[in-house]
Structure formats: C-alpha cells, structure tokens
Amino acid sequence: MNYGRADIAIGVIDVGSPKGGKLGWAILAPNTDPVLGKDLDVFIDAMTALGANWPLAIGFEAPLFIPTPAEALKILSGRKGEGSRPWSAGAGAAVTTAALAVVTYTLSGLRRGLGQAAASTDFNALPVRPGDALFFEAFVTAAAKGLDHADDAFIAAHEIKTLLAGNCPYRSAIEET
C-alpha cells in the first residue's frame, strides 16, 4: 500500500523532565483530532499503535544536532539560525542533556512495539510503510512558543504536517552542515 504525504501520523515531544511536569507532547494522526499530553509512556503507546497502520514522523523539541566547528573558540557557540540562545547555554544545555535520556527511552519503547520498522532522518525519503519513521529535531522558540510544553509540541507537529503535505518547501532553521 502506498501512502500519500499527508497520510503520516505525526508525534512531537517537547523534551523536559517527565517527573517535573516539564515534558509535553502532541500527536496529529490522519482522520482524528489532535491529542496532547504529558505522560511519555502514553505517547509511546499511542505512536506504537498508530505505527500499525501508518508511517510515522516523530520529532523532539530539543537540540539534537551539535555541530563540530573547526575552531576551539566556537565549539560552544550557537548554531547558525538558532538566534540569541545557543544550544550550549542555560535551558538549551539542560534540554540537550535531558534529550539524551528522553530520546533513548522513547526509541527503546518504540522499538519494542515496532521491531521491524525502518528509521530515517532524511526528509527526501519519507516513510511509506506502516511503522517506518522519520525522526527530526523540532525548534519552537521566541514568539512561536505556546502556552505550555504540550502546546509547543502541537505547534511543531502542525508545522511538520504542513511541511509534509507539500505546502511549503523544506528548510531547516539551523544552517549548519
């Protein structure tokens, strides 16, 4: 069965502390209303269930890509396109560290339920089989921020849905190789 670009179940996690209530998520699935929440296990179970019928796009709102500049004085500098808050300072550094645990936990949970799925980070090769997944870094900052972590995840999910539907060209906010 061949799926169209809009026939992808999308889930985004705004990375933070599950215990401290600083994590939120949103799911946009075909033919259903958006679902938002804070319980990471509920997100994993929901995305696993959706993967039985749909390809997946799963994003993490956290700095996941850290460039390797050629100059030592620039190794902790902000990524081009990141704005005034580099990944290595304050909240960015804390969220990057939290993402190490949250992403690993999430991927482990998905792997248990979708053991035969293929994963990619290539926007030029979208998943077409149920369970296969495109993973991406989401970036919601400044004026784009929502009311809480789940709302930030919903904002990112909506943007990726628009992108995957072909309504705008793909362009990363982070301009690093």
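For the structure itself, consult the block above.
Computed from a prediction, not measured in an experiment: that's the story for all the values here.

**Remarks on the sheet that holds strand β3 (residues 35–37)**
As a general point, the strands of a sheet are linked pairwise by backbone hydrogen bonds and lie either parallel or antiparallel.
Move 1: If you trace the six strands from one edge of the open sheet to the other, you get β3-β2-β1-β4-β6-β5, paired in mixed fashion. The open sheet is flanked by β3 and β5 (119–120), the only strands paired with a single partner.
Move 2: Of the pairings in the sheet, the one linking β5 to strand β6 (residues 133–138) comprises two bridges and is parallel in character. From the neighbouring strand, S120 faces β6, where its bridge partner is L134.
Move 3: Seen against the sheet, helix α2 (residues 90–113) touches β1 (9–14), β4 (56–61) and β6 and runs at an angle of roughly 155 degrees to β4.
Move 4: Running over the sheet, helix α3 (residues 149–164) touches β1, β2 (24–28), β3, β4 and β6 and is turned about 30 degrees from β2.

**Description of unusual backbone geometry**
Move 1: Of note in this structure, N31 is not a glycine but carries a positive phi near 65 degrees.
Move 2: With respect to the helices and strands, the residue N31 is situated in the loop between β2 and β3.
Move 3: According to the relative accessible area criterion, N31 is exposed, its value standing at 75%.

Conventions we followed
- Residues numbered from 1 in each chain as written.
- Predicted model: local features only at pLDDT ≥ 70, side-chain atom pairs only at ≥ 80, totals over all residues.
- Heavy atoms only, no water.
- Pairing = 2+ DSSP bridges.
- Helix = DSSP H or I, 4+ residues; strand = E, 2+ residues; numbered from the N terminus.
- Contact = heavy atoms within 4.5 Å.
- Axes fitted to C-alpha atoms, helices over the stretch in contact; angles between N-to-C directions.
- Buried < 20%, exposed > 50% of the residue type's maximum accessible area, 1.4 Å probe, protein only.

Geometry only, nothing functional implied.
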